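One-letter residues, chain by chain:
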Amino acid sequence: MAKISLIVNGNPVTANVDPRTLLVQFLRENLRLTGTHVGCDTSQCGACVVHLDGKAVKSCTTLAVMADGHEVKTIEGLAADGAPLHPMQEAFREHHGLQCGFCTPGMIMTAIDIVHRKGHEVDDHTIREELEGNLCRCTGYQNIVTSISAGAKAMAKSDLA
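Residues numbered from 1 in each chain as written. Predicted model: local features only at pLDDT ≥ 70, side-chain atom pairs only at ≥ 80, totals over all residues. Heavy atoms only, no water.

Enquirer: What should I look at first to understand the nonpolar core in this one?
Expert: Burial of nonpolar side chains together is a common tendency in soluble globular proteins. Counting 22 residues, the largest nonpolar core has Met88, Phe92, Met107, Ile108, Leu131, Ile144 and Ile148 as the members making the most contacts within it. Going through the elements one at a time, helix H2 (87-94), helix H3 (104-118) and helix H5 (142-156) are the ones with two or more residues in this core. Residue contributions to this core peak at seven residues, all from H3. Counting 15 residues, the second-largest nonpolar core is a separate cluster that includes Phe26, Leu52, Ala64 and Ala67. (Core = buried A, V, L, I, M, F, W, Y, C linked by side-chain atoms within 4.5 Å. Buried < 20%, exposed > 50% of the residue type's maximum accessible area, 1.4 Å probe, protein only. Helix = DSSP H or I, 4+ residues; strand = E, 2+ residues; numbered from the N terminus.)

Here you go:
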């Protein structure tokens, strides 16, 4: 077993884990943060995207021990219970950027990372290219792209960005 200490959604966490434990398993099974989904186990679908020290990573191919000493943010950490949604979450709601919702947490976490890297005026072509590692089996992506564009603009006006 390996002892890890990290910050998850602003809360300190210490645990003993098998060194082979994936970050997605640790989040879902140990911490019960089930918003991070497992879709493919091969780092191709993006349903498992979380932020590690502010950068999007696929938690299905990241070991929990790799997060030791770091900060992890999951979809549950974007807005506190009862608080307003993060601007990107609100944009997905408002612009119908989801259908079944399975890919949505990973899409939103990726979208926030896109905005942090590419800026608040990101164009549709760039959004589509940046979503290459996130798959949605329900939509044609247009509402997702629209949601990300609107969310990027809303993040520019928000202190939650």
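Enquirer: Even after reading the chapter, I still don't get the domain arrangement of the chain, so can you show me in this structure?
Expert: In many reports, interface size means the accessible area that the parts give up when they come together. One can read the domain layout of the chain as domain 1 (2-77) and domain 2 (87-156). For domain 1 versus domain 2, the distance between C-alpha centres works out to 21 Å. Each side of the interface is counted separately: domain 1 has 18 residues, and domain 2 has 14 residues. Our count for the contact surface shared by domain 1 and domain 2 stands at zero salt bridges. Counting across the domain 1 and domain 2 interface gives seven residue pairs in polar contact (both at pLDDT 80 or more). (Domains from an automatic or database assignment. Contact = heavy atoms within 4.5 Å. Salt bridge = Lys/Arg side-chain N within 4 Å of Asp/Glu carboxyl O. Polar contact = N/O pair within 3.5 Å; in protein donor to acceptor, adjacent residues only side chain to side chain.)

Enquirer: Looking at this structure, I do not really get the pairing of strand E4 (residues 55-58). What am I missing?
Expert: Pairing of strand E3 (residues 49-52) with E4 involves four bridges; the strand directions are antiparallel. By the bridge assignment for E4, Val49 is matched with Lys58. Between E3 and E4, which follow one another and run antiparallel, lie two residues, and Asp53 among them has a positive phi close to 50 degrees. (Pairing = 2+ DSSP bridges.)

Enquirer: Teacher, can you tell me more about the pairing of strand E2 (residues 11-17) here?
Expert: Consecutive side chains of a regular strand alternate in pointing toward one face of the sheet and then the other. Relative to E2, strand E1 (residues 2-8) runs antiparallel, the two sharing seven bridges. The partner of Ile7 across the bridge, within E2, is Pro12. The turn joining E1 and E2, which pair antiparallel and follow one another in sequence, is formed by two residues; a positive phi near 55 degrees is taken by Asn9.

Enquirer: Would you take a moment to explain the sheet that holds E2 for this structure?
Expert: To summarise the sheet geometry, strands pair through backbone hydrogen bonds and adopt either a parallel or an antiparallel arrangement. If you walk across this open sheet you meet the five strands as E2-E1-E5-E3-E4, and the pairing is mixed. At either end of the open sheet lies a strand with only one pairing partner, and these are E2 and E4. Each strand axis lies, on average, 40 degrees off the axis of its neighbour in the sheet, ignoring direction. As judged from the two bridges shared by E1 and strand E5 (residues 71-73), these two strands associate in the parallel manner. Across the sheet, the residue bridging to Val8 is Val72, located in E5. In this fold H3 packs onto E3, E4 and E5, with an angle of close to 40 degrees to the strand it touches most, E3. (Axes fitted to C-alpha atoms, helices over the stretch in contact; angles between N-to-C directions.)

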